[in-house]
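Next come the chains, spelled out residue by residue.
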2 protein chains.
Amino acid sequence: MDEPGFTRLARCRVAIVGLGLMGGSLALALRAAKAGREIWGVDSDPAALAFALEQSIIDCAADFDSVLNCEFLILAAPVRAILAQLERFSRLMHHGSPITLLDLGSTKSQIAAAMEKLPPDFDPVGGHPMCGKEVSGIENAEANLFRDKTFVLTPTKRASSAALALAQELIAAIGARLLILSPERHDALAAMSSHLPYVMAAALMRAAQTVDDDQLWTLAASGFRDTSRLAASDLTMMVDILLTNRAAILDALGCYRTELDSFITLIDAADPDALRVALAPAQAKRGQLFQ
Amino acid sequence: MDEPGFTRLARCRVAIVGLGLMGGSLALALRAAKAGREIWGVDSDPAALAFALEQSIIDCAADFDSVLNCEFLILAAPVRAILAQLERFSRLMHHGSPITLLDLGSTKSQIAAAMEKLPPDFDPVGGHPMCGKEVSGIENAEANLFRDKTFVLTPTKRASSAALALAQELIAAIGARLLILSPERHDALAAMSSHLPYVMAAALMRAAQTVDDDQLWTLAASGFRDTSRLAASDLTMMVDILLTNRAAILDALGCYRTELDSFITLIDAADPDALRVALAPAQAKRGQLFQ
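Conventions and cut-offs
Residues numbered from 1 in each chain as written. Chains lettered and ligands numbered in written order. Predicted model: local features only at pLDDT ≥ 70, side-chain atom pairs only at ≥ 80, totals over all residues. Heavy atoms only, no water. Helix = DSSP H or I, 4+ residues; strand = E, 2+ residues; numbered from the N terminus. Buried < 20%, exposed > 50% of the residue type's maximum accessible area, 1.4 Å probe, protein only. Contact = heavy atoms within 4.5 Å. Areas by Shrake-Rupley, 256 points an atom, 1.4 Å probe, with all protein chains shown as cover. Pairing = 2+ DSSP bridges. Axes fitted to C-alpha atoms, helices over the stretch in contact; angles between N-to-C directions. Parallel < 35°, antiparallel > 145°, perpendicular 65-115°, else oblique. Nonpolar A, V, L, I, M, F, W, Y, C, P; charged D, E, K, R; others polar. Buried area = accessible area lost by both parts, 1.4 Å probe. Salt bridge = Lys/Arg side-chain N within 4 Å of Asp/Glu carboxyl O. Polar contact = N/O pair within 3.5 Å; in protein donor to acceptor, adjacent residues only side chain to side chain. Phe/Tyr/Trp six-rings, centres within 6.5 Å; stacked < 30°, edge-to-face > 60°. Least-squares fit on C-alpha atoms with pLDDT ≥ 70 in both.

**With respect to the overall build of chain A**
Tallying secondary structure elements over chain A gives 12 helices and eight strands in all. Along the longest, intermediate and shortest principal axes, the C-alpha atoms of chain A span 70 × 40 × 35 Å. Each of the 291 residues in chain A was classed as buried or not, and the buried ones make up 56%. Across chain A, every contact between residues at least 6 apart in sequence was considered, and the portion connecting residues at least 24 apart equals 72%. For chain A, the accessible area works out to roughly 11400 Å², and carbon and sulfur atoms hold 51% of it.

**Some remarks on helix α10 (residues 235–244) of chain B**
Taken across its 10 residues, α10(B) has eight buried, putting it largely inside the fold. Restricting attention to buried positions, one finds in α10(B) the residues Leu235(B), Met238(B), Val239(B), Asp240(B), Ile241(B), Leu242(B), Leu243(B) and Thr244(B). Buried residues along α10(B) sit in contact with α11 (246–269) and α12 (272–289) of chain A together with α4 (79–90), α5 (109–115), α7 (183–209) and α11 (246–269) of chain B.

**Some remarks on the sheet that holds strand β3 (residues 60–61) of chain B**
All names here are of chain B. One open sheet accounts for eight strands, arranged β3-β2-β1-β4-β5-β6-β7-β8; its pairing is mixed. The open sheet has two edge strands, β3 and β8 (177–180), and neither has a second partner. Where strand β1 (residues 13–17) meets strand β4 (residues 72–75), four bridges bridge the pair, whose relative direction is parallel. The residue of β4 that forms the bridge with Val17 is Leu75. With respect to the sheet, helix α2 (residues 21–32) is in contact with β1, β2 (38–42), β4 and β6 (122–129), its orientation differing from that of β1 by roughly 160°. Packing of helix α6 (residues 161–173) onto the sheet brings it into contact with β4, β5 (99–103), β6, β7 (150–155) and β8, and relative to β7 it is tilted by some 170°.

**Some points on the packing of α12(A) against α7(B)**
For any two helices packed against each other, one specifies the inter-axial angle together with the distance between the axes. As a packed pair, α12(A) and α7(B) sit with axes 9 Å apart at the nearest point and diverge in direction by 80°. Put simply, α12(A) runs roughly perpendicular to α7(B). Facing Val277(A), Ala278(A), Leu279(A), Pro281(A), Ala282(A), Lys285(A), Arg286(A) and Leu289(A) of α12(A), the residues of α7(B) in contact are Tyr198(B), Ala202(B), Met205(B), Arg206(B) and Gln209(B). Grouping the amino acids of the contact of α12(A) with α7(B) by side-chain chemistry returns nine nonpolar, one polar and three charged.

**So, the interface of chain A and chain B**
Contacts between chain A and chain B engage 84 residues on the former and 84 residues on the latter. Across the chain A/chain B interface, buried area totals approximately 8200 Å², and carbon plus sulfur atoms make up 70% of it. For chain A, the biggest contributors to the area lost against chain B are Leu219(A), Ile267(A) and Arg286(A); these three give 9% of the whole. Linking chain A with chain B are 10 salt bridges. The closest approach of N and O atoms between Arg185(A) and Asp213(B), which form a salt bridge, is 2.7 Å. Applying the counting criterion to the chain A and chain B interface returns 29 residue pairs in polar contact (both at pLDDT 80 or more). Going through the elements one at a time, β7 (150–155), α7 (183–209), α8 (215–219), α9 (222–228), α10 (235–244), α11 and α12 of chain A are the ones with two or more residues in the side of chain A that touches chain B. Looking at the side of chain A that touches chain B, the element that brings in the most residues is α7(A), giving 19 residues. Grouping the amino acids of the side of chain A that touches chain B by side-chain chemistry returns 52 nonpolar, 15 polar and 17 charged.

**Points about the pairing of β6(B)**
Residue and element names in this part refer to chain B. Counting buried positions over the eight residues of β6 gives eight, a clear majority of the element. Of the two faces of β6, the one lined by Phe122, Pro124, Gly126 and His128 and the one lined by Asp123, Val125, Gly127 and Pro129 are each fully buried. Inspection of the sheet shows β5 paired to β6 by five bridges, in the parallel sense. Paired with Asp103 across the two strands is Gly126, which belongs to β6.

**A few points about the sheet that holds strand β2 (residues 38–42) of chain A**
Residues and elements named next belong to chain A. If you trace the eight strands from one edge of the open sheet to the other, you get β3-β2-β1-β4-β5-β6-β7-β8, paired in mixed fashion. In this open sheet, the two strands that pair with only one neighbour each are β3 (60–61) and β8 (177–180). Across five bridges, the pairing between strand β6 (residues 122–129) and β7 is antiparallel. Within β7, the position partnered with Pro129 by the bridge is Phe151. The strands touched by helix α2 (residues 21–32) within the sheet are β1 (13–17), β2, β4 (72–75) and β6, with β1 carrying the most contacts at an inclination of about 160°.

**A short note on the pattern of salt bridges**
Considering all chains together, one arrives at 28 salt bridges over all chains under this definition. In the salt-bridge network here, residues are joined through shared partners; they are Arg257(A), Asp261(A), Arg257(B) and Asp261(B).

**What to know about the packing of aromatic side chains**
Any two aromatic rings considered together are summarised by their centre-to-centre distance and by the angle between their planes. Residue and element names in this part refer to chain A. Within this structure, the stated rule accounts for six aromatic pairs over all chains. Between Phe64 and Phe89 the ring centres are 5.1 Å apart and the planes differ by 20°, which places this aromatic pair in the stacked class. In this pair, Phe64 sits in the loop between β3 and β4 while Phe89 sits in helix α4 (residues 79–90), placing the two residues 25 residues apart along the sequence. As far as the burial class goes, Phe64 and Phe89 line up, both buried. Through pairs of rings, three or more aromatic residues link up here, namely Phe64, Phe89 and Phe122.

**Some points on the relation of the copies chain A and chain B**
Each of the two chain copies goes to the other by way of a rotation about an axis and a shift along it. Mapping chain A onto chain B calls for a rotation angle of 180° and an axial translation of 0.0 Å; the resulting RMSD is 0.0 Å. Those values place the two copies in the arrangement expected of a two-fold rotation axis. Residues of chain A ranked by C-alpha distance from the rotation axis are headed by Thr227(A), positioned 2.1 Å from it. Most of the interface of chain A is mirrored in chain B, where 100% of its interface residues are also at the interface.

This is the structure in structure tokens:
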């Protein structure tokens, strides 16, 4: 059955470079939406490629250089791998027909700068789907991962309206919600809303591991489970995020540390009213955000 | 149908002082287990009492002084309210027949000290069910709240074996898992596993609220939601915890802050290998803990 809304995307040959949780889920979501004439997959891990073929997540396993034969190229690796791929593309003299390039990297400023150096045949748009799991790998991929989730686009200055339109078609096809931001604004907001919570979770796990009492883990209930969840995130992805969004993350950490130190002072002072005054806005906002 | 395992508990008149999430859920769980000959409820809030009666969560609404007519008295208020109740009991000369007293307070050392001052007719045991929700109040109570959750008992030196046995019957009846700890050990472990994560969540919310960009909340996805969840906890309960477990919480905060500062230094140094080495044990332990 034709879905008239996604005609251009339906006709594209799509290549997804990086078949992890994100790339695999995107392939499944595009399949479910009957978007993409063909879906090619590229991954340095033969097991991921084999899994993707066996499960019919992709139509064809490709090597990195052949993806330039696709009309829509999606980079779904960790950020520093995307930067290396863009660097490789930037050294190409001419590759042939024009390619819309979308990346799904978790930080956008360094990728946006690298995109500016691509040859003119590339039509690049930065993207970041605001979803994830604490598990990684294509075996955890799911077609509904993006549904009703925010999908940020950070268009480069050189991106054509056609490239933007194709990226928006993809976002609509997988059921996500478009939000357009500058790369810098994305990175500052992601530092506070996502990268800081990751560092907090890792520091909590490390602090808990200093306790020499195994009953700690028996006592760790749903509060500990949720607060520490992000510590289980994929290390390669997270190290790349910490390195490529360093300044914004250090700003967010500094701001958080100020608030933490205020609480340490307040708890030390043991004044119930002052504690209540400090805690109440956090409680009110959290209650309002997620009901 | 008789449940032969809970004969003594089945014959008890049980009074629950404090009909919030914990007290209300305990009443529902006891009912579901056909435990307690009668369940009396006490609360300073007439609306909570009326709700408990209307929903048949309790058999009878009682006032505070009449609970001494019950054989099994359970204190389910925030910690400082429990301390005030114990202080009131400690001034009684003689109340009549012996009473097994169990409290569900979130911190145990100060309550254990207060229990030592009770008149001899009280047979007190400290308790803490390791479960909760970020919502409070009897309207959120549920019979299964304690099922498969750890329920800590912190027996006082004066507790009789009969009091311990009755508390254990209750834990079995509501489907929880018994763990016996000293009050001090409980408080140190709860500071790290529960109270520190709460302060972290509140500080995260406060840090996020300093960001002057409403798109922050659009970007705040499941990672932020989970890491900030505890900030929505009941303020009276949490302020009481911070005040009555102050030293252990400050210790846990100090330990956490050291780990946080290490991460700030590592991110600032931008060394991928060093970051990976620091993050890996946190990831491994978190992955092993909750699968």
